[in-house]
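Chain by chain, the residues:
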Amino acid sequence: MTKPPMTNWKEENNALHQEYKFQDFTQAFAFMAEVAFAAEAANHHPNWSNVYNTVTIKLTTHDAGNTVTEKDRKLANKISAIFARYA
């Protein structure tokens, strides 16, 4: 069994949601690049958006009927670990 996400991911409407804030756009973009590599390695890609220094992420497993699965929790933990290096 996987530990709960390391930050305040919210589970609602069959998805995990999180918003991250950074010092500026460049830092937010660097975070997104790191997350992109982790998501590709996991073959699990987030629904996300970026506005200046804010990155909003939604995780759900489409193959499982758009519900939260272990795949989402694992990627949420990886994303949280990546973010911890920026905090």
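Calculation criteria
Residues numbered from 1 in each chain as written. Predicted model: local features only at pLDDT ≥ 70, side-chain atom pairs only at ≥ 80, totals over all residues. Heavy atoms only, no water. Helix = DSSP H or I, 4+ residues; strand = E, 2+ residues; numbered from the N terminus. Polar contact = N/O pair within 3.5 Å; in protein donor to acceptor, adjacent residues only side chain to side chain. Expected span 1.5 Å × (residues − 1). Buried < 20%, exposed > 50% of the residue type's maximum accessible area, 1.4 Å probe, protein only. Arc of directions from axis to C-beta. Pairing = 2+ DSSP bridges. Contact = heavy atoms within 4.5 Å.

Engineer: With reference to specific residues and values, describe the side chain of Thr 60.
Structural biologist: Structurally, Thr 60 is set in the loop between β4 (54-59) and α2 (70-84). A polar contact of 3.4 Å, which involves the side chain of Thr 60, links it to the backbone oxygen of Asn 66.

Engineer: Account for the environment of Phe 37, naming residues and giving values.
Structural biologist: Mapped onto the elements, Phe 37 comes out in helix α1 (residues 25-42). Along the primary structure Phe 37 and Lys 21 are separated by 16 residues, whereas in three dimensions their C-alpha atoms are 20 Å apart.

Engineer: Before we move on, could you go through α1 and cite the residues and values that matter?
Structural biologist: Given a rise of 1.5 Å per residue, 18 residues ought to cover 26 Å, and the 25 Å separating the end C-alpha atoms of α1 matches this to within 8%. Within the span of α1, buried status applies to Gln 27, Ala 28, Phe 31, Met 32, Val 35, Ala 38 and Ala 39. Projected onto a plane normal to the axis of α1, the buried residues spread over an arc of 135° and lie on a single side. Among the exposed residues of α1, those oriented more than 90 degrees off its buried face are Thr 26, Phe 29, Phe 37, Glu 40 and Ala 41. Structurally, the start of α1 carries an N-cap: the backbone nitrogen of Thr 26 is 3.3 Å from a side-chain oxygen of Asp 24. Trailing α1 by a residue or two, Asn 43 shows a phi angle of about 50°, which is positive.

Engineer: Explain the pairing of strand β2 (residues 15-21) to me, and be specific about the residues and the numbers.
Structural biologist: Sheet faces and side chains relate simply in a regular strand, where the side chains alternate between the two faces. In terms of strand pairing, strand β1 (residues 10-12) meets β2 through 3 bridges, oriented antiparallel. Residue pairing in the sheet places Lys 10 in a bridge with His 17 of β2. Taking the residues that link successive antiparallel strands as the turn, the β1-β2 hairpin has 2 residues, and the phi of Asn 13 there is positive, at about 55°. Bridge count for β2 against β4 is 6 bridges, and the pairing is antiparallel. Across the sheet, the residue bridging to Leu 16 is Leu 59, located in β4.

Engineer: Please give an account of α2 that cites residues and values.
Structural biologist: Helix length check: α2, at 15 residues, gives a terminal C-alpha distance of 21 Å against a target of 21 Å (1.5 Å per residue), a fit within 8%. Every buried residue of α2 is listed here: Asp 72, Leu 75, Ala 76, Asn 77, Ile 79, Ser 80, Ile 82 and Phe 83. Of the surrounding secondary structure, the elements contacted by the buried residues of α2 are β2, α1 and β4.

Engineer: Tell me what's going on with the environment of Gln 18, and back it up with residues and numbers.
Structural biologist: Relative to the elements of secondary structure, Gln 18 occurs in strand β2. Distance from Gln 18 to Trp 48, taken between C-alpha atoms, is 9.6 Å for residues 30 residues apart in sequence.

Engineer: Describe unusual backbone geometry, with residues and values.
Structural biologist: In this structure, Asn 13 is a non-glycine residue whose phi angle is positive, near 55°. The exposure class assigned to Asn 13 is exposed, which follows from its relative accessible area of 72%. Phi is positive for Asn 43, close to 50°, though the residue is something other than glycine. The residue Asn 43 is located in the loop between α1 and β3 (47-51) in this model.

These figures come from the coordinates and say nothing about function on their own.
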